[in-house]
Amino acid sequence: MALSLDRLGIFDPKDPLKDRLTDLGPRHFWQYFPPVIQNNYGKWAYHEVLETGVLMHVSETGDKVYTVRCGAARFMTVQHVREICEIADQYCDGFVRFTTRNNIEFLVDSVEKLEVLKKDLESRKFVSGSYKFPIGGTGAGVTNIVHTQGYIHCHTPATDASSMVKAVSDELFKYFQGMTLPAKVRVSMACCLNMCGAVHCSDIALLGNHRKPPIVDHEVIDKVCEIPLAIAACPVGAISPDKTPEGGKTVKIKKERCMFCGNCYTMCQALPLSDKEGDGVTILAGGKISNRISEPKFSKVVVPWLPNNFPRFPEVVETVKKILEVYAADANKYERLGDWAERIGWEKFFEKTGLEFTEHLIDDYRLAYDTWRTSTQFKYTAAAWDVSRAAGEGFCNG
Amino acid sequence: MDELKKIIVEFAETSKKTKFYFKDIEKAVQKVNPDAKMREIKKACTALINEGTMIYFSTGSSTMYGLKGRGMTEDPQ
Amino acid sequence: MPFEPKEPQKEIKYEETRIYTDAELNSYTDEELRNFKIKHKIPDLEELENGPWPSFVADAKQEALHRRKLANERMLIDRDVVEDMLGQLQVSFDDGETHWKHGGIVGVFGYGGGVIGRYSDLPEIYSSIAHFHTIRVNQPASKFYNSDFLRTICDLWEYRGSGLMNLHGSTGDLVLLGTITEQLEPIFFELTHVLGQDIGGSGSNLRTPSCCIGKARCEFACYDTQNLCYELTQYYQDELHRPAFPYKFKLKFDGCPNGCVASMARSDMSFIGTWRDDIRIDQDAVKAYIAGYVVPNGGAHIGRDWGKFDIQKEVINLCPARCMSLVDDELIIDNKECTRCMHCINVMPKALKPGKDNGLSILLGAKAPILEGAQMATLIVPFMKAEPPYDNIKEFIEKVWEFWIEEGKNRERLGELMQRTGLPKFLETIGLPPAPQMIKTPRENPYILWKEEDVPGGWNRNVNEYRSKHKR
């Protein structure tokens, strides 16, 4: 059946229920498996990363499948997808796969096909010079940075996603194309606290953050919002009903209570909070999802705020690089970034990375106490001597 | 079913609000008819949607129900 | 397990579905692309064409030029959408603020999700993106495709939309970015009729479930993630399209505790493959690893010289349960002490494999920070078999939903509700006994919320009786 060319296709606006198909769900996965996957489904014996970006899976049947993993911007055009299809048609019987972290995977069933495929992929560049299909993202390196929509398509972001991810990925490219780190490092990006990408368990998380409370658009709030919903949306009860001088319904905001989450704006467009000076980037580190060796853990805020310096975010890029390089030099084999920070102690993390420790890094939200240190076991760093000095002159010689 | 639909429409017409979470509707119906089950109420809502009496209103993150033509139901453009 | 469709699935052949000719698809040269300037000034974006990582700007310009070359009647939405999107993005950089407005009541008839309304707040300048709605297309499990399907989507989306998309969105959908309200229904009809393909979830619905690569290409998968994901997505279509939940609900399926789809961090109900018998050991392969004949960790560390593989240091000493030992070059695992963290299996995939009696653990309540702070999923069901038709799993899901729909407040995620009501009450409601596997430690405060029936004699006491023994 051909795609329709009529303006409204096969939809009849006079009878919207006519021929409407619903609840079809997704297409079944089986038809999209290449033969080598169909034949060996559930029979895989082991795998090996042959070189960065190239995996070999060996089946109990003796069959092998070679996967070439390529980085990609998750934002892509139909022209780029058509090029992916062209490659899939040429080398992979028309099949292609995408990973959870937005990489593209091309699968072939022989070493000969693998070599020509790799060569072709490496040769493809955008006219301005960047790779179209950089090979990498496997093993103990940095793989694709998952991210959210940002200014390309979102109404609540505190920063842009695609540009920041491009800037950071350019800088971390050698880690994408090499497996030189102690363990894999997962970098993730979300443009506001809603975290569509749920980045809160990443080795390094980049997070857009607002710093100014919402402005109330008194003139329209009663027309464009359900005011009770906006009031109920505030997790700290900072929004209350109010009247305009003309007697219209509106709200007032206890600004000192605001936690800048933007939940009110999600519910009510008359409460915008984005702001050029206010918005910026928070960096978190040390989270993980995998249950390997240590339990999964949350990322911790290590830099409260950096400016939105478009388009390349030099401060963000520098910080990420610094954390990564110190970790790479200092951690043990198999040690994830968070495991390393816990082993050396967070005081040493700040000393070694040179990141500034400020009051913003001490939790003062709910259950904050869980993160306070209730022990005499600590390590001395310059920060400790600063406290001792401030607490009272005496013997301090740090 | 018709009885549930009637209760829902009456509630939606008389409430001060114009957008309702499913839960608000469920509670309102069960106030009148304590035996009404969640599944039946959902079926009645779906029927009202399909006949065009009610519409969905979505912020993207959560979805509400509203009577067509009541409150803020116009495309903002 | 070859697929046998319950209903015939449409076979898609691009040669039958296609809109554009080869000449239309290959309408520009690299030289033209190099010299191409879009109609707006975008200096910051052009800067992002540099550097090795794939440039989304360079890609967008391909599509912008491609649209310029198409004849007027070969696109149903404005030719300039890509250029206007880039122009508005540059202005957003200049202003340090987004220029997209809130959503509204766009959607397809009868569905409460799958379409997100989006409008520019600079419609006079960027008129072609005044409406720029998103459609979420429910991806096939673990995101394998063939080119016939993808090319058809591309033609559909270039003809009726902007040609811009995400592969993929955070939840897993194939996301189509940017079309006008008028085209939503026609696109939905093309998707369902030509592609046999539905849209995904948004709003207070079951969101599009997603899974890891599973048995398709991974030796660790302890259950069939794709099949379970597909089966539940189909079974719960009503929940996915017609909202009756307090808020969003996500199901994600990881085949093993490595957790490649991060279900533990980002799904209300997380299914993680596991086993209850012994890790399978091939002692000859263990010896090969020790002797250095096999590269450890599946080659994941070959980029750096970490020295000779040391099984004691790299495996046995790193085992969190300390349940391994080496006796005369034989690897011994005390399986009843094992916590199945996967480390030893990851390091020596040729020698060690998960057990054969496998199934899954179910963890509940993960979510991103909004509102009560981020939560990771809590282990609730230690082990369950996962075999078609998965009635045990469906029954469990529905019990949890029943509790959440009954007790949950509007916009309260399952994890928040579990916190508010407390785990004991939650367990009681869904009919599970408490177990130490569900907690890290027993409670540290002594404020036990006793119930009247816990205490002999109940709570109704007579003060006079009390006073007969105790003077005022």
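No experiment lies behind these values; they were computed from the predicted model shown.

Visitor: Any chance you could explain the overall build of chain B here in plain terms?
Guide: From N to C terminus, chain B includes three helices and three strands. Sequence-ordered secondary structure for chain B, helices as α and strands as β, is α-β-α-α-β-β. Taking 11 Å as the expected radius of gyration for a compact globule of 77 residues, we find that chain B reaches 12 Å, a close match to that expectation. C-alpha atoms of chain B, sized along the principal axes, occupy 40 × 25 × 20 Å. Split into buried and exposed, the 77 residues of chain B put 57% on the buried side. Put simply, 52% of the contacts in chain B that link residues at least 6 apart link residues at least 24 apart. Here chain B has roughly 3,800 Å² of accessible surface; of this, 52% comes from carbon and sulfur atoms. The average position of the 14 basic charges and that of the 11 acidic charges among the side chains of chain B differ by 5 Å.

Visitor: For this particular structure, what's the right way to read the interface of chain A and chain C?
Guide: In many analyses, interface size is given as the accessible surface area lost on bringing the parts together. Taken together, the contact pairs 145 residues of chain A with 160 residues of chain C. When chain A packs against chain C, the two sides together hide about 13,800 Å² of surface, and 60% of this comes from carbon and sulfur. Ranking the residues of chain A by area buried against chain C places Leu3(A), Arg27(A) and His153(A) at the top, with a combined share of 6%. The tally of links from chain A across to chain C stands at nine salt bridges. Across the contact surface, chain A and chain C share 83 residue pairs in polar contact (both at pLDDT 80 or more).

Visitor: In this structure, what is going on with the sheet that holds strand β2 (residues 54-58) of chain B? I would like to understand it.
Guide: The strands that make up a sheet pair up through hydrogen bonds in the backbone, lying either parallel or antiparallel. All names here are of chain B. Pairing is antiparallel in the open sheet, where three strands are placed in the order β1-β3-β2. Edge positions in the sheet fall to β1 (19-20) and β2, since each has one partner strand and no second. Along the sheet face, helix α3 (residues 38-50) touches β2 and β3 (63-67) and points at about 100° away from the line of β2.

Visitor: How should I be thinking about the environment of Thr180(A) in this particular structure?
Guide: Here Thr180(A) lies in the loop between α5 (173-176) and β7 (187-190). Here Thr180(A) falls in the partly exposed class, since its relative accessible area comes to 27%. Residues Thr180(A) and Ala140(A), 40 residues apart in the sequence, show an inter-C-alpha distance of 6.2 Å. Not counting residues within four places of it along the chain, the set of residues in contact with Thr180(A) comprises Ala140(A), Tyr175(A), Gly303(C), Arg304(C) and Trp306(C).

Visitor: So what exactly am I meant to see when it comes to a negative patch on the surface here?
Guide: Together, Asp391(C), Glu395(C), Glu398(C), Glu402(C) and Glu406(C) make up a negatively charged patch on the protein surface. Within the secondary structure, Glu398(C) is located in helix α15 (residues 391-407).

Visitor: Can you help me understand the interface of chain B and chain C in this one?
Guide: At the interface, 27 residues of chain B touch 30 residues of chain C. A buried area of about 2,400 Å², summed over both sides, lies between chain B and chain C, and 52% of it is on carbon and sulfur atoms. In this assembly, chain B and chain C are joined by two salt bridges. The closest approach of N and O atoms between Glu239(C) and Arg39(B), which form a salt bridge, is 3.1 Å. Counting every contact that joins chain B to chain C gives 13 residue pairs in polar contact (both at pLDDT 80 or more). Mapped onto the side of chain B that touches chain C, the elements with two or more residues apiece are α2 (22-32), α3, β2 and β3 of chain B. If you tally residues by element for the side of chain B that touches chain C, the top one is α3(B), at six residues.

Visitor: Honestly, the state of the cysteines in this entry has me stumped. Any pointers?
Guide: In a disulfide, the sulfur atoms of two cysteines are held together by a covalent bond. Per the counting criterion, the structure on display carries one disulfide over all chains. One disulfide bridge connects Cys225(A) with Cys268(A), the sulfur atoms lying 2.2 Å from each other. Its S-S torsion of about 75° marks the bond between Cys225(A) and Cys268(A) as right-handed, since a negative value means left-handed. With Cys225(A) in the loop between α6 (218-224) and α7 (227-233) and Cys268(A) in the loop between α8 (263-267) and β11 (280-285), the pair connects residues that are 43 residues apart, well separated along the chain. An identical accessibility class is assigned to Cys225(A) and Cys268(A); each is buried. In this model Cys154(A) remains outside any disulfide bridge; the closest cysteine sulfur is found in Cys191(A), 5.9 Å from its own. Of the cysteine sulfurs around Cys256(C), a residue in no disulfide, the closest is that of Cys218(C), at 5.9 Å.

Visitor: What is the right way to look at the side chain of Thr63(B) in this model?
Guide: Looking at the element boundaries, Thr63(B) is found in strand β3. In contact with Thr63(B), other than residues within four places in its own chain, are Tyr21(B), Tyr56(B), Phe57(B), Ser58(B), Gly112(C), Ser202(C), Gly203(C), Ser204(C) and Pro243(C).

Visitor: Sorry, what's going on with a nonpolar patch on the surface here?
Guide: Where nonpolar side chains cluster on the molecular surface, the patch consists of Phe357(A), Ile362(A), Tyr369(A) and Trp372(A) and spans about 460 Å² of accessible area. Mapping Tyr369(A) onto the fold places it in the loop between α11 (346-353) and α12 (382-391).

Visitor: How should I be thinking about the nonpolar core in this particular structure?
Guide: In a soluble, globular protein the nonpolar side chains are often hidden away together inside. Ranked by size, the top nonpolar core spans 139 residues in total, and within it Phe106(A), Leu150(C), Met269(C), Phe271(C), Leu364(C), Ile393(C) and Phe396(C) carry the most contacts. Each of domain 1 (14-194) and domain 2 (210-276 + 358-453) of chain C contributes no fewer than three residues to this core. Discounting residues that sit within four places of it in the chain, Phe271(C) has contacts with Tyr223(C), Leu251(C), Lys252(C), Phe253(C), Asp254(C), Ser263(C), Leu360(C), Ser361(C), Ile362(C), Ile393(C) and Ile397(C). By size, the runner-up hydrophobic cluster in this structure holds 73 residues, among which are Met189(A), Ala331(A), Phe56(C) and Tyr126(C).

Visitor: Just to check I follow, could you spell out the environment of Ser325(C) for this structure?
Guide: Residue and element names in this part refer to chain C. One can find Ser-325 in strand β12 (residues 324-327). With a relative accessible area of 30%, Ser-325 lands in the partly exposed category. With 14 residues separating them in the primary sequence, Ser-325 and Ile-311 have C-alpha atoms 9.8 Å apart. When neighbours within four sequence positions are excluded, Ser-325 is seen to be in contact with Ile-316, Glu-330, Leu-331 and Ile-332.

Visitor: Explanation requested: the packing of aromatic side chains in the structure shown.
Guide: Geometry of an aromatic ring pair is reported as the spacing of the ring centres plus the angle between the planes. Enumeration according to the criterion identifies 45 aromatic pairs over all chains in this entry. Ring geometry for Phe22(B) versus Tyr65(B): centroids 6.3 Å apart, planes at 50°, classification tilted. In this pair, Phe22(B) sits in helix α2 while Tyr65(B) sits in strand β3, placing the two residues 43 residues apart along the sequence. Residues Phe245(C) and Trp401(C) carry aromatic rings whose centres are separated by 5.0 Å and whose planes lie at 50° to one another, so their mutual orientation is tilted. In this pair, Phe245(C) sits in the loop between α10 (237-241) and β9 (251-254) while Trp401(C) sits in helix α15, placing the two residues 156 residues apart along the sequence. Residue Phe245(C) shares its accessibility class with Trp401(C), and that shared class is buried. An aromatic cluster is defined as three or more aromatic residues linked by ring pairs; in this entry it consists of Phe29(A), Trp30(A), Phe33(A), Tyr41(A), Phe144(C) and Tyr230(C).

About the thresholds
Residues numbered from 1 in each chain as written. Chains lettered and ligands numbered in written order. Predicted model: local features only at pLDDT ≥ 70, side-chain atom pairs only at ≥ 80, totals over all residues. Heavy atoms only, no water. Helix = DSSP H or I, 4+ residues; strand = E, 2+ residues; numbered from the N terminus. Rg over C-alpha atoms; globule rule 2.2 N^0.38 Å. Buried < 20%, exposed > 50% of the residue type's maximum accessible area, 1.4 Å probe, protein only. Contact = heavy atoms within 4.5 Å. Areas by Shrake-Rupley, 256 points an atom, 1.4 Å probe, with all protein chains shown as cover. Lys, Arg positive; Asp, Glu negative; His and termini not counted. Charge placed at Lys NZ, Arg CZ, Asp CG, Glu CD. Buried area = accessible area lost by both parts, 1.4 Å probe. Salt bridge = Lys/Arg side-chain N within 4 Å of Asp/Glu carboxyl O. Polar contact = N/O pair within 3.5 Å; in protein donor to acceptor, adjacent residues only side chain to side chain. Pairing = 2+ DSSP bridges. Axes fitted to C-alpha atoms, helices over the stretch in contact; angles between N-to-C directions. Patch = residues over 30% accessible without salt bridge, like charges linked within 9 Å, V, L, I, M, F, W, Y side chains within 5 Å. Disulfide = S-S within 2.5 Å. Core = buried A, V, L, I, M, F, W, Y, C linked by side-chain atoms within 4.5 Å. Domains from an automatic or database assignment. Phe/Tyr/Trp six-rings, centres within 6.5 Å; stacked < 30°, edge-to-face > 60°.

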